[in-house]
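Given next are the chains, with one letter for each unit.
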Amino acid sequence: LGGPDPLDYVSMYRNLGNPALNVPEHWHYVSFGLSDLYGDNRVHEFTGTDGPSGFGFELTFRLKRETGESAPPTWPAELMQGLARYVFQSENTFCSGDHVSWHSPLDNSESRIQHMLLTEDPQMQPVQTPFGVVTFLQIVGVCTEELHAAQQWNGQGILELLRTVPVAGGPWLITDMRRGETIFEIDPHLQERVDKGIETDGSNLSGVSAKCAWDDLSRPPEDDEDSRSICIGTQPRRLSGKDTEQIRETLRRGLEINSKPVLPPINAQRQNGLTHDRAPSRKDSLESESSAAIIPHELIRTRQLESVHLKFNQESGALIPLCLRGRLLHGRHFTYKSITGDTAITFVSTGVEGAFATEEHPYAAHGPWLQILLTEEFVERMLEDLEDLNSPEEFKLPKEYSWPEKKLKVSILPDAVFDNPLH
């Protein structure tokens, strides 16, 4: 299935599977165009044979073949095209273990398979081409409960569990859109493995794109001179290119395979985006290339805030317990990056190096980027107070939480507040 744009091409194959491994017959889809097909800067900047080819990967998908099905369904190709367009437009890349929250049946049916995990394709190994290296990332359809488990723990762990359940993927992680049960319903003992993994490892999810905003309550909103207020309905200060790249690096890497709790440095040599400087693989984690974080000149303008008000939609707010329990209690950090503007909120623990929020000044901002440092004691208290975020079916908006002695307020608001900038 193809079109005039290089990212539109998807090849579809009938794969006989492997009976010896209990791998059923299925349809195998492979994209091409995310990697560099030409080497002449027509679509991707040619960076040499040793680096990544284009974005460095192509997408694949394995769909269980239904009895009597003579031709592959085309919806997986359209799904892959949508993901490819996201990569081209955002320049955010994927890697094994990443997840994609889709919130809709992948085939537009009534299926419970409504989200995706990404992993290495079991058959297609990385390829060295004249225009760089290409890896093949396979899309794996999962249920909402499996997505949440991947967020709370890590994608690789859930993928390994899926491999052990034949009807949920098996060794080649084949998606069956007719699967009606989660792996936890098929084998309740798997939930115990996830719970133990969360307790031992914490979460590897280091950041999400979200509907969020924040206000500086330290200064009256009418103070327009050097205003510190970043809120919906106002024109926020724009993030510098270096700040943007640091936050995008967190989101682009998405998953920390290594757990060194260092915020990625703002590298003075890096330009905006990936066009001029491809980021290293997220498998390198958020660990900086040097052991110490680079403190840029721009941080001199960092402002200490006395009181802040955080705003999230319900989906983003539901991830706050994950942020606190799975990240901060394990000495890590977690970033919310607004999908509607430059606003960003990063929660950090006392063990994170390179942060500009400190125990003495726990709320600090660099333009529209807010960092909040939370002590372990306060995190434990917040988890108790925010316990109802774990029960979305009983949740009524708007909802407000406040810790006056800490001068911190959190509001969970309807999506419409974030969708309407004039609200």
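How each quantity is defined
Along each chain, residue indices are assigned from 1 in the same order as the chain's sequence is written. Selection of residues for local features in this predicted model requires a pLDDT of at least 70, selection of side-chain atom pairs for listing and counting requires 80 or more, and totals for whole chains, interfaces and linings are taken over all residues. Excluded from the side-chain calculation are hydrogens and water; included are all heavy atoms of the structure. For every element, the axis is a line fit to its C-alpha atoms; helices are fit only across the contacting stretch, and the angle between N-to-C directions ranges from 0 to 180 degrees. Helix and strand definitions follow DSSP, with helices as H or I runs of at least four residues and strands as E runs of at least two, each counted in order from the N terminus. Roughly parallel here means an angle under 35 degrees, roughly antiparallel means over 145, roughly perpendicular means 65 to 115, and every remaining angle is called oblique. The contact criterion used throughout is that any non-hydrogen atoms of two residues lie within 4.5 Å. Each residue receives one of three labels: charged for Asp, Glu, Lys and Arg, nonpolar for Ala, Val, Leu, Ile, Met, Phe, Trp, Tyr, Cys and Pro, and polar for the others, Gly being one of them. Note on pairing: two strands pair once DSSP finds at least 2 bridges between them. A patch consists of residues whose relative accessible area exceeds 30% and which take part in no salt bridge; residues with like charges are grouped when within 9 Å of each other, and nonpolar side chains (Val, Leu, Ile, Met, Phe, Trp, Tyr) when within 5 Å. Residue exposure ignores everything except the shown protein chains as possible cover, and the areas themselves are Shrake-Rupley values with a 1.4 Å probe. Here, a salt bridge means any side-chain nitrogen of Lys or Arg that lies within 4 Å of a carboxyl oxygen of Asp or Glu. Working rule for handedness: look at the near helix, and if it is turned counterclockwise from the far one by less than a right angle, call the crossing left-handed; if clockwise, right-handed. Burial classes follow relative accessibility: with a 1.4 Å probe on protein chains only, a residue under 20% of its type's maximum area counts as buried, one over 50% as exposed, and anything between as partly exposed.

J.: Describe the packing of helix 2 (residues 144–152) against helix 3 (residues 155–163), listing the residues and the values that go with them.
T.: Direction vectors running N to C along helix 2 and helix 3 enclose 135°, while the axes themselves pass 7 Å from each other. Looking at the two axes, helix 2 sits oblique to helix 3. Note on element contacts: helix 3 touches helix 2 through Gly-155, Ile-158 and Leu-162, opposite Glu-146, Ala-149 and Ala-150. Considered class by class, the residues forming the contact of helix 2 with helix 3 number 4 nonpolar, 1 polar and 1 charged.

J.: Before we move on, could you go through the sheet that holds strand 9 (residues 212–216) and cite the residues and values that matter?
T.: In space, the 4 strands of this open sheet follow the order 9-11-17-16, with mixed pairing throughout. If you trace the sheet from one side to the other, it starts and ends with strand 9 and strand 16 (399–403), each paired once. With strand direction ignored, the average angle separating the axes of adjacent strands in the sheet is 15°. When strand 16 meets strand 17 (residues 408–413), the two strands line up antiparallel, connected through 5 bridges. Bridge pairing in strand 17 places Glu-400 opposite Ser-411. Contacts from helix 9 (residues 376–385) reach strand 16 and strand 17, with the element oriented near 150° to strand 16.

J.: Lay out a nonpolar patch on the surface with the relevant residues and their values.
T.: On the surface, a cluster of nonpolar side chains totalling about 370 Å² of accessible area is made up of Tyr-9, Phe-32, Leu-37, Tyr-38 and Val-43. As for its placement among the helices and strands, Tyr-9 is situated in strand 1 (residues 9–15).

J.: Got a sec to walk through the sheet that holds strand 13 (residues 344–348)? Specific residues and values, please.
T.: Sheet architecture is open: 6 strands sit in the order 8-12-13-15-14-10, paired in mixed fashion. The open sheet terminates on both sides in strands that have one partner only, identified here as strand 8 (207–210) and strand 10 (303–304). Of the strand pairs in this sheet, strand 13 and strand 15 (residues 369–373) are connected by 5 bridges, and their pairing is parallel. Across the sheet, Val-348 pairs through a bridge with Leu-373, a residue of strand 15. In this fold helix 8 (residues 320–327) packs onto strand 12 (333–338) and strand 13, with an angle of close to 155° to the strand it touches most, strand 12.

J.: Go over the packing of helix 8 against helix 9, please, and point to the residues and values.
T.: The interhelical angle for the contact between helix 8 and helix 9, taken along N-to-C directions, is 145°, at an axis separation of 10 Å. When the axes of helix 8 and helix 9 are compared, the crossing they make is left-handed. Contacts between helix 8 and helix 9 involve Pro-321, Leu-324 and Arg-325 on the former and, on the latter, Val-379, Met-382 and Leu-383. Split into classes, the residues belonging to the contact of helix 8 with helix 9 amount to 5 nonpolar, no polar and 1 charged.

J.: Please give an account of the pattern of salt bridges that cites residues and values.
T.: Per the stated rule, a full pass over the model turns up 16 salt bridges. Put simply, Glu-160 and Arg-163 hold a salt bridge, and the shortest N to O gap is 2.5 Å. Highlighted residues: Glu-160 and Arg-163, both in helix 3, separated by 3 residues, approximately one helical turn. Look at Glu-160 and you get partly exposed, because its relative accessible area is 42%. A residue is classified by how much of its surface remains accessible, and Arg-163, at 23% relative accessible area, is partly exposed. When salt bridges that share partners are traced, they join Arg-14, Glu-25 and Arg-65 into one network.

Scope: geometric values only; no functional claims are made or implied.
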